[in-house]
Amino acid sequence: DWSSDVCSSDLYNPDNAVIVLAGDVDTVRGEELVERYFGSISRHTATSTGLQFSAENRNVGHARETQDVPFDACFLAYHCEGFLNDETMIADVLSAILSDGRSSRLYKALQHDAQLASDFGAHADKREFTSLFTLYAISCDPSIDADKLHSVFANEIHHIVDKGVLHVEVAKAKNILKTRLAYQLQTSGGVADMLTQQVLFWNDPERIHLLMKKIEKLTVDEVNDFARKIFVGDGVRLDICAGERRD
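Summary of the structure given here. (Residues numbered from 1 in each chain as written. Predicted model: local features only at pLDDT ≥ 70, side-chain atom pairs only at ≥ 80, totals over all residues. Heavy atoms only, no water.)

A word on the packing of helix α3 (residues 87-99) against helix α9 (residues 220-230)
In step 1: Remark: α3 packs on α9, axes separated minimally by 9 Å, with the N-to-C direction vectors making an angle of 90°. The angle between α3 and α9 places the two elements in the roughly perpendicular class. On α9, the residues touching Glu87, Ile90, Ala91, Val93, Leu94 and Ile97 of α3 are Glu222, Val223, Phe226, Ala227 and Lys229.
In step 2: Of the residues belonging to the contact of α3 with α9, the class tally is eight nonpolar, no polar and three charged. (Axes fitted to C-alpha atoms, helices over the stretch in contact; angles between N-to-C directions. Helix = DSSP H or I, 4+ residues; strand = E, 2+ residues; numbered from the N terminus. Parallel < 35°, antiparallel > 145°, perpendicular 65-115°, else oblique. Contact = heavy atoms within 4.5 Å. Nonpolar A, V, L, I, M, F, W, Y, C, P; charged D, E, K, R; others polar.)

Some thoughts on the pairing of strand β3 (residues 117-125)
In step 1: Pairing of β3 with strand β4 (residues 130-139) involves eight bridges; the strand directions are antiparallel. Paired with Gly121 across the strands is Tyr136, a residue of β4.
In step 2: Here β3 folds back onto β4 in antiparallel fashion, the turn holding four residues. (Pairing = 2+ DSSP bridges.)

Observations concerning the pattern of salt bridges
In step 1: Summed over the entire model, instances satisfying the criterion amount to 15 salt bridges.
In step 2: Residue Arg29 is joined to Glu32 by a salt bridge in which the shortest nitrogen-to-oxygen separation is 3.5 Å. In this pair, Arg29 and Glu32 both sit in helix α2 (residues 27-38), three residues apart, roughly one turn of the helix.
In step 3: Residue Arg29 is classed as partly exposed on the basis of its relative accessible area of 40%.
In step 4: We note a salt bridge from Lys229 to Glu81, for which the minimum N-O separation is 3.9 Å. (Salt bridge = Lys/Arg side-chain N within 4 Å of Asp/Glu carboxyl O. Buried < 20%, exposed > 50% of the residue type's maximum accessible area, 1.4 Å probe, protein only.)

Remarks on the nonpolar core
In step 1: Core analysis: the largest hydrophobic core is formed by 47 residues, its most contacted members being Leu94, Leu110 and Phe133.
In step 2: Element by element, the count of residues in this core is highest for α3, at eight residues.
In step 3: What Leu110 contacts, discounting residues up to four positions off in sequence, is Gln115, Leu116, Ala117, Phe120, Ala137, Leu149, Val152 and Phe153. (Core = buried A, V, L, I, M, F, W, Y, C linked by side-chain atoms within 4.5 Å.)

A few points about the packing of aromatic side chains
Two aromatic rings are characterised by how far apart their centres lie and by the angle between their planes.
In step 1: Across all of its chains, the model carries eight aromatic pairs by this definition.
In step 2: Their ring planes at 80° and their centres at 5.0 Å tell us that Tyr78 and Phe231 sit as a pair that is edge-to-face. Residue Tyr78 is located in strand β2 (residues 73-81), and its partner Phe231 is located in the loop between α9 and β5 (236-242); the two are separated by 153 residues in the primary sequence.
In step 3: When its relative accessible area of 6% is taken as the criterion, Tyr78 is described as buried.
In step 4: Both rings, one in Phe83 and one in Phe201, keep their centres 4.8 Å apart while their planes meet at 80°; by these two values the pair is edge-to-face. Taken together, the positions of Phe83 in the loop between β2 and α3 and Phe201 in helix α7 (residues 188-202) put the pair 118 residues apart, joining distant regions of the chain.
In step 5: The class for Phe83 is buried, based on a relative accessible area of 16%.
In step 6: Take Phe201: its relative accessible area is 33%, and that puts it in the partly exposed class.
In step 7: An aromatic cluster is defined as three or more aromatic residues linked by ring pairs; in this entry it consists of Tyr78, Phe133, Phe226 and Phe231. (Phe/Tyr/Trp six-rings, centres within 6.5 Å; stacked < 30°, edge-to-face > 60°.)

A word on a nonpolar patch on the surface
In step 1: Taken together, Ile19, Leu21, Val25, Tyr37 and Phe38 make up a surface patch of nonpolar side chains, about 450 Å² in accessible area.
In step 2: Structurally, the position occupied by Phe38 is in helix α2.
In step 3: A residue is classified by how much of its surface remains accessible, and Phe38, at 37% relative accessible area, is partly exposed. (Patch = residues over 30% accessible without salt bridge, like charges linked within 9 Å, V, L, I, M, F, W, Y side chains within 5 Å. Areas by Shrake-Rupley, 256 points an atom, 1.4 Å probe, with all protein chains shown as cover.)

Structural measurements only, silent on function.
In structure tokens form, the structure reads like this:
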């Protein structure tokens, strides 16, 4: 019986749970079903506090691994704030500028201009207390090694820190984020998932109505300040090297 496992666990506590009913739901009937299936779970006397975070755990460095793969790959990450901080929305804008679409900076540098990579991307790997802004690229030819891919990353990062991003890039990136948000809100499952996040982490179901405005309010200066804040030092670099090395 799943309910016995739930009731015996400190983690499955009503204090740590959110139930969202979305769609064509009869409120009264919905409350009856929730009470039937979950009402027997008792509140625990002690609530789990979860993991504790220390900024000292944010490491940097460079590692290489040789694997049974045909081409090299390079992953480069920089520490940034956890997703409870709205700064991570700026990270989404920056990642779109770097890697979303054929006008993105990494597409031009890695595929269109030099044909160095078969795949590439940038994204914010978000966690509650701390996140990683990550760039990656996979070579498209045995003669292109991880160092070459990393040099492209370093070039683009230097250019952003030195010259900043453009207004047109930020406008495009914000449109991408707003489109993704609107798409998620078109389904009851998407609404349920997003509402759960807003309640569980921010204790504010109404926050779902503010997300579009939060994206729209982001500015070029905020994106540039964020980039100059996180792109400090060498970051965390991992090279995946093909098993048979080139001459």
